Amino acid sequence: MNFIGKGNGRFDFTGFSGKLGAISLGLCLGNLTFSKDMSTTASTTTFTIRADGNKQLTLKTNGQILDFPINFAGTITATNTVFPPSITLLDDLTLGPTNGNLTISTYCNFDANVYNITCVTATISTLANYTVKFGKGIWTVTGATFTMSGSAVSTINAGSAIIRMTSSSAKTFTTPSSANPLPALCQAGSGALTITGTAGTFNDIFASVFPSTISLGGSYSCNNFTLSGRPGALVTLNSTVAATGRILTKVGGGTVSCNFLSIQDSTPSGGNWYAGPDSTRVSNFGIWSASQAPNSNMMDIV
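The structure presented is a predicted model; accordingly, all values stated were derived computationally and were not measured. (Residues numbered from 1 in each chain as written. Predicted model: local features only at pLDDT ≥ 70, side-chain atom pairs only at ≥ 80, totals over all residues. Heavy atoms only, no water.)

Enquirer: Looking at this structure, how should I read the overall build of the chain?
Expert: Each helix and strand counted, the chain has 0 helices and 35 strands in total. In summary, the chain has a C-alpha radius of gyration of 21 Å against a globular reference of 19 Å for 302 residues, a match within 12%. Looking at the chain as a whole, 49% of its 302 residues are labelled buried. The contacts in the chain between residues at least 6 apart in sequence include a share of 44% that link residues at least 24 apart. Seen as two clouds, the 15 positive and the 11 negative side-chain charges of the chain have centres 5 Å apart. (Helix = DSSP H or I, 4+ residues; strand = E, 2+ residues; numbered from the N terminus. Rg over C-alpha atoms; globule rule 2.2 N^0.38 Å. Buried < 20%, exposed > 50% of the residue type's maximum accessible area, 1.4 Å probe, protein only. Contact = heavy atoms within 4.5 Å. Lys, Arg positive; Asp, Glu negative; His and termini not counted. Charge placed at Lys NZ, Arg CZ, Asp CG, Glu CD.)

Enquirer: Please explain the sheet that holds strand β15 (residues 117–119) as it appears in this structure.
Expert: As a general point, the strands of a sheet are linked pairwise by backbone hydrogen bonds and lie either parallel or antiparallel. A sheet is described by the order of its strands in space; here 7 strands give the open sequence β9-β12-β15-β18-β21-β24-β27, paired in parallel fashion. Of all strands in the sheet, those bounded by a partner on one side alone are β9 (65–66) and β27 (205–207). (Pairing = 2+ DSSP bridges.)

Enquirer: Just to check I follow, could you spell out unusual backbone geometry for this structure?
Expert: What you tend to see is this: most non-glycine residues have negative phi, and most peptide bonds are trans. With omega at 15°, the peptide bond leading from G96 into P97 counts as cis. Positionally, P97 belongs in the loop between β12 (93–95) and β13 (102–104). Between F210 and the following residue, P211, the backbone shows a cis peptide bond with an omega angle of -5°. Here N284, not a glycine, exhibits a phi torsion of approximately 50°, which is positive. Structurally, N284 is set in the segment after β35 (280–283).

Enquirer: Is there a simple way to explain the sheet that holds strand β31 (residues 248–250) in this structure?
Expert: Ordered in space as β23-β26-β29-β31, the 4 strands form an open sheet in which the pairing is parallel. The sheet terminates laterally at β23 (181–182) and β31, the two strands that pair on one side only. In the sheet, strand β29 (residues 220–222) pairs with β31 via 3 bridges, with the strands oriented parallel. By the bridge assignment for β31, C222 is matched with K250.

Enquirer: Would you take a moment to explain the side chain of T40 for this structure?
Expert: Along the chain, T40 falls in strand β6 (residues 39–40). From its side chain, T40 meets the backbone oxygen of I65 in a polar contact 3.5 Å long. Other than its neighbours up to four places away in sequence, T40 contacts K19, L20, F34, Q64, I65, L66 and F68. (Polar contact = N/O pair within 3.5 Å; in protein donor to acceptor, adjacent residues only side chain to side chain.)

Enquirer: Before we go on, may I ask you to explain the pairing of strand β33 (residues 261–264) in this structure?
Expert: For a regular strand, side chains alternate in direction, first toward one face of the sheet and then toward the other. Direction of pairing for strand β30 (residues 235–239) relative to β33: parallel, over a ladder of 3 bridges. Of the residues in β33, the one forming a bridge with T236 is S262.

Enquirer: Which parts of the structure should I look at to understand the packing of aromatic side chains?
Expert: Ring pairs (aromatic) are described by centroid distance and by the angle formed between their planes. Inspection of the entire model under this criterion finds 14 aromatic pairs. On the basis of an interplanar angle of 50° and a centroid distance of 6.3 Å, the ring pair of W139 and F146 is categorised as tilted. Residue W139 is classed as buried on the basis of its relative accessible area, which comes to 0%. Members of the aromatic cluster, each reached through a chain of ring pairs, are F72, F110, F134, W139, F146, F173, F202 and Y220. (Phe/Tyr/Trp six-rings, centres within 6.5 Å; stacked < 30°, edge-to-face > 60°.)

Enquirer: How should I be thinking about the nonpolar core in this particular structure?
Expert: The tendency in soluble globular proteins is for nonpolar side chains to be buried as a group. In this structure, F72, L93, F110, F134, W139, F146 and F225 are the most contacted members of the largest nonpolar core, which totals 63 residues. Here the element with the most residues in this core is strand β7 (residues 47–51); it accounts for 3 residues. Not counting chain neighbours up to four residues away, the residues in contact with F72 comprise I49, L59, I87, L89, L93, L102, T103, I104, S105, C108 and F110. (Core = buried A, V, L, I, M, F, W, Y, C linked by side-chain atoms within 4.5 Å.)

Enquirer: It is not clear to me how the state of the cysteines should be interpreted in this structure. Could you clarify?
Expert: Here a disulfide denotes one covalent bond, and it connects the sulfur atoms of two cysteines. Under the defined criterion, the tally for this structure stands at 0 disulfides. Considering cysteine sulfurs only, C258 is the nearest to C186, which forms no disulfide, with 14 Å between them. (Disulfide = S-S within 2.5 Å.)

Written as structure tokens, this is what we have:
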């Protein structure tokens, strides 16, 4: 079906219990609310929610799982750099499991609010005058890539969000090309996670699956670094290029307390970095100490 919504109105499916057919052309220019009782059809065609001019749009999915690509976008006008249009989530957004790729384009603000986002892949482009607010929820990416681009500083609000990369195959998180703040990044799948790109300050880097691997393709900053493995299941921290040390800088200094890591080609700076007594420092590990951090409450988890 073709879905073309125009104007400043609301597109509200509340009370509708039918099925939304496969989208062959999808464009919505107003607020959009799905019904909890309706169903949707998987499609490979991108559905675009576009905030033109200075519109402040909202999306409410009411628990629907949308298995088609979604693009949040705006259009450049003479005034929307001063009074930018925006798109705000009113509940969780779940895309997938096959075609649910998420794109956040330029020329509008995006606000995840306090809600969770699940998608196959994610692509975010940032420009000066427009802000992406990650919010307070959990972003779960089930596929191979989370890609951020754009050189504008101060266009990303990391909030307290967490990005979980859950694929059991190799996956990549690409940072933007400027020192933007980034949410906490979690290695949450057995496939190796590569962090690439030239800049970025993460709220945290940690893992929830053991054993696992995080490979650094550049040098990055972090407000916290709580990466640790488990007994018999180390987390490997290494470089994408053998014998090339990657610098991790702790913002503000202080103590970094880890354990159960296998460290190679990681050369941290800023503060005191403790790998912990159960970690293996393979080579080119810089100031990583083999000791347990002073006053650490770390306990072995069996």
